[in-house]
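Analysis of the macromolecular model
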Amino acid sequence: MEFVQLQKHDGIATLTLARGKVNAINGPVVDQMTERLKSLEHDPEANSIVLTGAGKFFSFGFDVPEFLSFEKPQFDRFLTAFTDLHTYLFLYPKPVVAALNGHAVAGGCMLALACDYRVMVMGKGKISLNELTFGASVFAGITEMLRFAVGSANAAKVLYSGSMYSAEEAKTIGLIDEAATEQDLMDAASKMASSLGSKYPPAFTGVKSLLRKTIAEDIMRRQADSIWEFVDIWYSEHTWANLKNIKIA
Amino acid sequence: MEFVQLQKHDGIATLTLARGKVNAINGPVVDQMTERLKSLEHDPEANSIVLTGAGKFFSFGFDVPEFLSFEKPQFDRFLTAFTDLHTYLFLYPKPVVAALNGHAVAGGCMLALACDYRVMVMGKGKISLNELTFGASVFAGITEMLRFAVGSANAAKVLYSGSMYSAEEAKTIGLIDEAATEQDLMDAASKMASSLGSKYPPAFTGVKSLLRKTIAEDIMRRQADSIWEFVDIWYSEHTWANLKNIKIA
Amino acid sequence: MEFVQLQKHDGIATLTLARGKVNAINGPVVDQMTERLKSLEHDPEANSIVLTGAGKFFSFGFDVPEFLSFEKPQFDRFLTAFTDLHTYLFLYPKPVVAALNGHAVAGGCMLALACDYRVMVMGKGKISLNELTFGASVFAGITEMLRFAVGSANAAKVLYSGSMYSAEEAKTIGLIDEAATEQDLMDAASKMASSLGSKYPPAFTGVKSLLRKTIAEDIMRRQADSIWEFVDIWYSEHTWANLKNIKIA
């Protein structure tokens, strides 16, 4: 199954998450996205990337129902692959624009935060890191990329509250960069992707790396520990009971 | 004497600074607050903490008149205990909400900055890190927790100016999170304390630690040196002359 | 030739960039500014520094036409001296206020960002880090001082877009602290310089160092590598062709 669709047009490679109704993230999604991105790194037809979702959701995050059948080591392997993708996306040498066509929640919000620019549809989706609301923790990569986007104080507000932010609210605190109508969303994303993609690639990559590399190194030092702590909490009686009540597909 | 009063109600433990007219901080205050916090860490009746002050002040900071009788090593021991408490509070595993019922100045502001949320009364108190105005420096823990709350640029403004901010002004730059009327102050603090206290504790602690632990480690590496520099300046002829003119009790 | 003029008045030392029409920065400018600053460090008549430009520009940045005759090692030596000055200015023990009398672009903006306070004339100059627009990268010191001033997210916006910001726009994102009319510019700068210069010097230096020293250490660790990458891109065919089209004098 193809869960990450690729289209190329005018120097922009668009990656579309397409898995079920909510674009739930599981192992194959992570593998396919990683492969797509690796193949695009040296593709001369891709000056920049747009990341979006099929249907009404960008992504509602992890495929929790599937993960309920996982033992700890298997879930740990998934989380390692997902966080590796997340850090790889944060440092991706080409510009990446997130076109948030609907809800971008938990893992979906994480992917969006790794991008260089986020434009979000108004009046439909919400963006949220709602892990605390169902008793889960997060990873080192989330807190640091969130801090990059909104600063430490707003990062605490976003995570502690688990609030679902509209595009307008998300723009106010810096969680997204631009709010657009449904009709204008992809044009707005393409416009920024074209603009960033027109820069001299070694210079763009150099600037991006200066802004992000030491943060990524800090994330990588702390990620494995944060995954272990995440897994311990995930499999606790309290959180497991909440997860079993989550019904998305 | 009991300088840090404890009340428990509905899962919230309220710690009230109560020492003289301005809740001046000295060794016993630090010791009692440290002990109270340690005992509450594993108290099942305390899901969260509210920190406030008795009377018209939250705290005007260090008990300068008392410290004028201290020799350097004695003052250094106090500062070590105070900054240890400060870092401990910053990393405290349960949510801590500051209910600023009046002036929160210097050491009083420091304690507030270590909390997870600050709500401040309007029209009465001011919040300020006014150390530079009487010729004192600060500690590594102050600059980093202030940076966490307001960012680097505003941190410099707050410290360089030594301004006394009203609740409304403080909210604008992020020094506090919420401004409340005198009547609503404790309700607002309780509401946030209840909300944060209702999260699954290991998940809340995990998120808080991811946001704050590397900052605290950086503070701890630099704190002792910053205390020595603080002490050298404190006992300089210039600053000592200013301190002798401070009359609070 | 004297490219960095010095005047002292009422405890304020004013350094004025004065080289050609746009105050283009080259080796002698860097050497003279470094010498001036070193001599002022222990000058009892200089409580604070104001940095400004002669004529209609603060500085349009590096003297690109001159550097087109440089071989890599010679350019690398210039960049090392410039970035050393930049970091030295960022940590300068006395307060430094930038009075931006006109365009502050690229290297000119860098010098401004190292200061403690930036006031800029309205209606005339623009401030910009426009390196990406002509295919150049930047240095570790730029990204970190820019991050200090405006936060990570705005730092990316400023660098990715290469936008030319008016004083009003620059104030909104934190790139400058104050916008002033042409008539009021030097008074506003003097007022802040006097205020910061009136603080007890060891306490001011202590606070400034706590806010900036670990950032400067991080910059120094990464600066040499970032210079090498900058030089590689600067001498690339693409960027060199752009540089030859830049005509400023």
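Anyway, here's the lowdown on the structure attached to this text.

What counts, and where the lines are drawn
- Residues numbered from 1 in each chain as written.
- Chains lettered and ligands numbered in written order.
- Predicted model: local features only at pLDDT ≥ 70, side-chain atom pairs only at ≥ 80, totals over all residues.
- Least-squares fit on C-alpha atoms with pLDDT ≥ 70 in both.
- Contact = placed C-beta atoms within 7 Å.
- Axes fitted to C-alpha atoms, helices over the stretch in contact; angles between N-to-C directions.
- Helix = DSSP H or I, 4+ residues; strand = E, 2+ residues; numbered from the N terminus.
- Parallel < 35°, antiparallel > 145°, perpendicular 65-115°, else oblique.
- Left-handed = near helix turned anticlockwise from the far one by under 90°.
- Nonpolar A, V, L, I, M, F, W, Y, C, P; charged D, E, K, R; others polar.
- Pairing = 2+ DSSP bridges.
- Expected span 1.5 Å × (residues − 1).
- Bend = angle between axes of the 7 residues up to and from the residue.
- Buried ≥ 20, exposed ≤ 12 C-beta atoms within 10 Å, placed from the backbone.

1. Some remarks on the relation of the copies chain A and chain C
Take chain A, turn it by 120°, move it 0.0 Å along the axis, and it overlays chain C with an RMSD of 0.0 Å. Considering both components of the superposition, the chain copies are consistent with a three-fold axis. For chain A, the smallest separation between a C-alpha atom and the rotation axis is recorded for Gly151 of chain A, amounting to 4.1 Å. By residue overlap, the copies meet through two different surfaces: only 7% of the interface positions of chain A are interface positions in chain C.

2. Looking at the packing of helix α1 (residues 27–41) of chain C against helix α3 (residues 72–90) of chain C
Residue and element names in this part refer to chain C. Close contact between α1 and α3 brings their axes to 10 Å; oriented N to C, the two are set at 30°. Classified by the angle between their axes, α1 and α3 sit roughly parallel to one another. Relative to α3, α1 is oriented so that their crossing is left-handed. Every residue of α3 that contacts α1 at Gly27, Val30, Met33, Thr34 and Leu37 is listed here: Phe78, Ala81, Phe82, Leu85, Tyr88 and Leu89. A per-class count over the contact of α1 with α3 returns 9 nonpolar, 2 polar and no charged.

3. Considering the interface of chain A and chain C
The interface is formed by 15 residues belonging to chain A together with 20 residues belonging to chain C. The set of elements that each furnish at least two residues to the side of chain A that touches chain C consists of α5 (140–161) and α8 (201–234) of chain A. Among the elements that line the side of chain A that touches chain C, the one with the most residues is α8 of chain A, at 7 residues. Grouping the amino acids of the side of chain A that touches chain C by side-chain chemistry returns 10 nonpolar, 3 polar and 2 charged.

4. Focus on the sheet that holds strand β2 (residues 12–17) of chain C
All names here are of chain C. One open sheet holds the 6 strands; their spatial order is β1-β2-β3-β5-β7-β9, and the pairing between them is mixed. Looking at the sheet topology across the chains shown, the edges are occupied by β1 (4–9) and β9 (178–180). With direction set aside, neighbouring strand axes in the sheet form an average angle of 20°. Pairing of strand β7 (residues 117–121) with β9, which is carried by 3 bridges, proceeds in the parallel orientation. Paired with Val119 across the bridge in β9 is Glu178.

5. A word on the environment of Phe57 of chain C
Residue and element names in this part refer to chain C. Inspection of the secondary structure assignment puts Phe57 in strand β4 (residues 57–59). For the pair Phe57 and Leu100, spaced 43 residues apart in sequence, the C-alpha separation works out to 8.0 Å. The contacts of Phe57, once residues within four sequence positions are left out, are Val22, Asn23, Gly102 and His103.

6. A word on the sheet that holds strand β2 (residues 12–17) of chain B
Residues and elements named next belong to chain B. Read from one edge of the open sheet, 6 strands run β1-β2-β3-β5-β7-β9, paired in mixed fashion. The open sheet is flanked by β1 (4–9) and β9 (178–180), the only strands paired with a single partner. Here the strands of the sheet are splayed against their neighbours by 20° on average, with no regard to which way each runs. Direction of pairing for β2 relative to strand β3 (residues 48–53): parallel, over a ladder of 6 bridges. Within β3, the residue paired with Ala13 across the bridge is Ile49.

7. Comments concerning the relation of the copies chain B and chain A
With an axial shift of 0.0 Å and an RMSD of 0.0 Å, the rotation relating chain B to chain A amounts to 120°. Different-surface contact between copies: only 7% of interface residues of chain B are shared with the interface of chain A.

8. Some remarks on the pairing of β1 of chain C
Residue and element names in this part refer to chain C. Inspection of the sheet shows β1 paired to β2 by 6 bridges, in the antiparallel sense. Of the residues in β2, the one forming a bridge with Gln7 is Thr14. Here β1 hands over to β2 after 2 residues, with Asp10 in that stretch at a positive phi of 50°.

9. Re α5 of chain A
Residue and element names in this part refer to chain A. Compared with the 32 Å implied by 1.5 Å per residue over 22 residues, the 18 Å span of α5 between its first and last C-alpha is markedly short. The largest bend in α5 amounts to roughly 115° and is located at Val150. Judged by how many residues are buried, α5 sits mostly within the fold: 18 of 22 residues are covered. Trailing α5 by a residue or two, Gly162 shows a phi angle of about 60°, which is positive.

10. Points about the interface of chain B and chain A
Taken together, the 15 residues of chain B in the interface contact 20 residues of chain A. Listing elements by their share of the side of chain B that touches chain A, those giving two or more residues are α5 (140–161) and α8 (201–234) of chain B. Among the residues forming the side of chain B that touches chain A, the class breakdown is 10 nonpolar, 3 polar and 2 charged.

11. Focus on the packing of α8 of chain A against α8 of chain B
Running from N to C, α8 of chain A and α8 of chain B point in directions that differ by 165°, and their axes come no closer than 10 Å. What the angle tells us is that α8 of chain A and α8 of chain B run roughly antiparallel. The handedness of the crossing between α8 of chain A and α8 of chain B is left-handed. From α8 of chain A, Ser226, Glu229 and Ile233 of chain A reach across to α8 of chain B, where they touch Pro202, Ala203, Gly206 and Leu210 of chain B. Grouping the constituent residues of the contact of α8 of chain A with α8 of chain B by class yields 4 nonpolar, 2 polar and 1 charged.

12. Quick notes on the environment of Val207 of chain A
Within the fold, Val207 of chain A resides in helix α8. Expressed as a C-alpha distance, the spacing of Val207 of chain A and Met192 of chain A, which sit 15 residues apart in the sequence, is 17 Å. Setting aside chain neighbours within four positions, we find Val207 of chain A in contact with Leu132, Ser137, Val138 and Leu159 of chain C.

13. Describing unusual backbone geometry
Residues and elements named next belong to chain B. Within the chain, Asp10 stands out as a residue other than glycine whose phi angle is a positive 55°. The exposed category is assigned to Asp10, around which 10 C-beta atoms lie within 10 Å. One non-glycine residue, Ala106, lies in the positive phi region at around 50°. Inspection of the secondary structure assignment puts Ala106 in the loop between β6 (103–105) and α4 (107–114). Given 24 C-beta atoms within 10 Å, Ala106 falls into the buried group.

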